[in-house]
Amino acid sequence: MEFVAIIFMVIVLLAVQLVLFAKNSFRHFEYTCFFTKDEVMEGEEVGLVEIVSNRKWLPLPWLKSELSTSRWLEYAGSQSEVIGDLRYVPSFFTLKSYQRISRTWKVKCLKRGVFEIRRVDLVSSDLLGLSSFSYTARTNARLTVLPRPLENSQPVCPPQYLNGDTVVRHQLLDDPFFIAGVREYTGFEPMNRIHWNATAREGRLMVFENQYTSRKNLSILLNVQQRPGKTGKMDGDSDLEDCIRFGAYLFGAAAQQDTPFRFLCNGLDSGTGQPVCTAESWGTAFALEQSRTLARLLADRALEIDRFLQEDAIFQTCSQLILVSTYIDDTLKAFARERARRGVSVAVFVCGQVLPGDFEDGAYSLFVLQGSEKKEAKLQ
């Protein structure tokens, strides 16, 4: 009889603790996670902080969190599992009464993009592990990974395609920042144009003589359609990513040369859901904003390039055009020739395979990008 009573008491205690943990495991419980930086460069490391807080007397003897993130975020020291485009990262905790635990993961950013963690699945159990209880925590962790400019790409883009101001023979007004020499004062020049050293040397009033300049503007056109006539996601997108990295390099080079530019792309911006067609601007801040656009770019959801050229790019005016693509076909050649006939200096950069006959068109300059090794193939 006593043995039966003991068994009964054990069963009651197990049932009570089971009900207790089932109802209270996630009461007065908090979970949050966030990245230590909002924005990093492709290939860099960033921290992801997990914070769990048990604000009650009931402990949590076993707690598992499972992060669902992009496969392009690599977590150091984790036994993560990659399925498709997702990476599942488990994490385990033991929480005492009124305890708060913080854990930081080292995350390596393998690819450009905008990555978010909206929810985290949590699983806990009772003292003996007889039953488990689940809970979904809502989070708002967001990380922007900018494309890293293509390495060693400085020699690949000729200086004439990135010059901001160019000396010309005549213009309506001269440029006070470009000095050609000195000449004799005619009586019409303002006093701040007088060259006093030359005046003392010549014995008569001499003034600065300035040159005339014309500012060049640049259009950077990125084609993310990987094959002629085919849009959508394809295997082996390393050439496309190199094109995107080269675009990031061009933004930085244009900003360094103080060249006004606009960015055009048939890929969809995840922020707007539309192809990219910016207004013309210049400077480091504008270049950084376009690199953020590259991070948001949905390359697998692109508008067909021939349609994009007819509806968007054909109306843009510029003095210089740089076209970046993984291939060159008759459509792109025709567009480059049409721009060249309008007096636009056109350069085409291809990160992929080209044919010998592609270099025979003298209307534009053709350059080949092959991974980290660049080959220049400009037609003279």
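Residues numbered from 1 in each chain as written. Predicted model: local features only at pLDDT ≥ 70, side-chain atom pairs only at ≥ 80, totals over all residues. Heavy atoms only, no water.

1. Some words on the packing of aromatic side chains
Scanning all chains against the criterion turns up 11 aromatic pairs. Aromatic pair Phe-246 and Phe-349: ring centres 4.9 Å apart, planes at 45°, arrangement tilted. Separated by 103 residues along the polypeptide, Phe-246 in helix α3 (residues 238-256) and Phe-349 in strand β19 (residues 345-350) bring together distant segments of the chain. Phe-349 gets classed as buried once you look at its relative accessible area, which sits at 0%. For the pair Phe-261 and Phe-286, a centre-to-centre distance of 4.8 Å together with 55° between the ring planes defines the contact as tilted. In this pair, Phe-261 is assigned in strand β15 (residues 261-269) and Phe-286 in helix α4 (residues 284-296), connecting sequence segments 25 residues apart. Among the residues examined, Phe-261 registers a relative accessible area of 0% and is labelled buried. An aromatic cluster of at least three residues, connected via ring pairs, comprises Phe-246, Tyr-249, Phe-349 and Phe-367. Cation over ring: Arg-71 sits above Trp-72, and NZ or CZ is 5.1 Å from the ring centre. Above the plane of the ring of Phe-93 lies Arg-103, whose end atom (NZ or CZ) is 4.2 Å from the centre. (Phe/Tyr/Trp six-rings, centres within 6.5 Å; stacked < 30°, edge-to-face > 60°. Helix = DSSP H or I, 4+ residues; strand = E, 2+ residues; numbered from the N terminus. Buried < 20%, exposed > 50% of the residue type's maximum accessible area, 1.4 Å probe, protein only. Lys NZ or Arg CZ within 6 Å of the ring centre and 35° of its normal.)

2. Quick word on helix α6 (residues 330-341)
Along its 12 residues, α6 runs 16 Å from first to last C-alpha, staying within 8% of the 16 Å computed at 1.5 Å per residue. For α6, the full list of buried residues reads Leu-332, Lys-333, Phe-335, Ala-336, Glu-338 and Arg-339. A positive backbone phi angle near 90° is found at Gly-343, which sits one or two residues after α6. (Expected span 1.5 Å × (residues − 1).)

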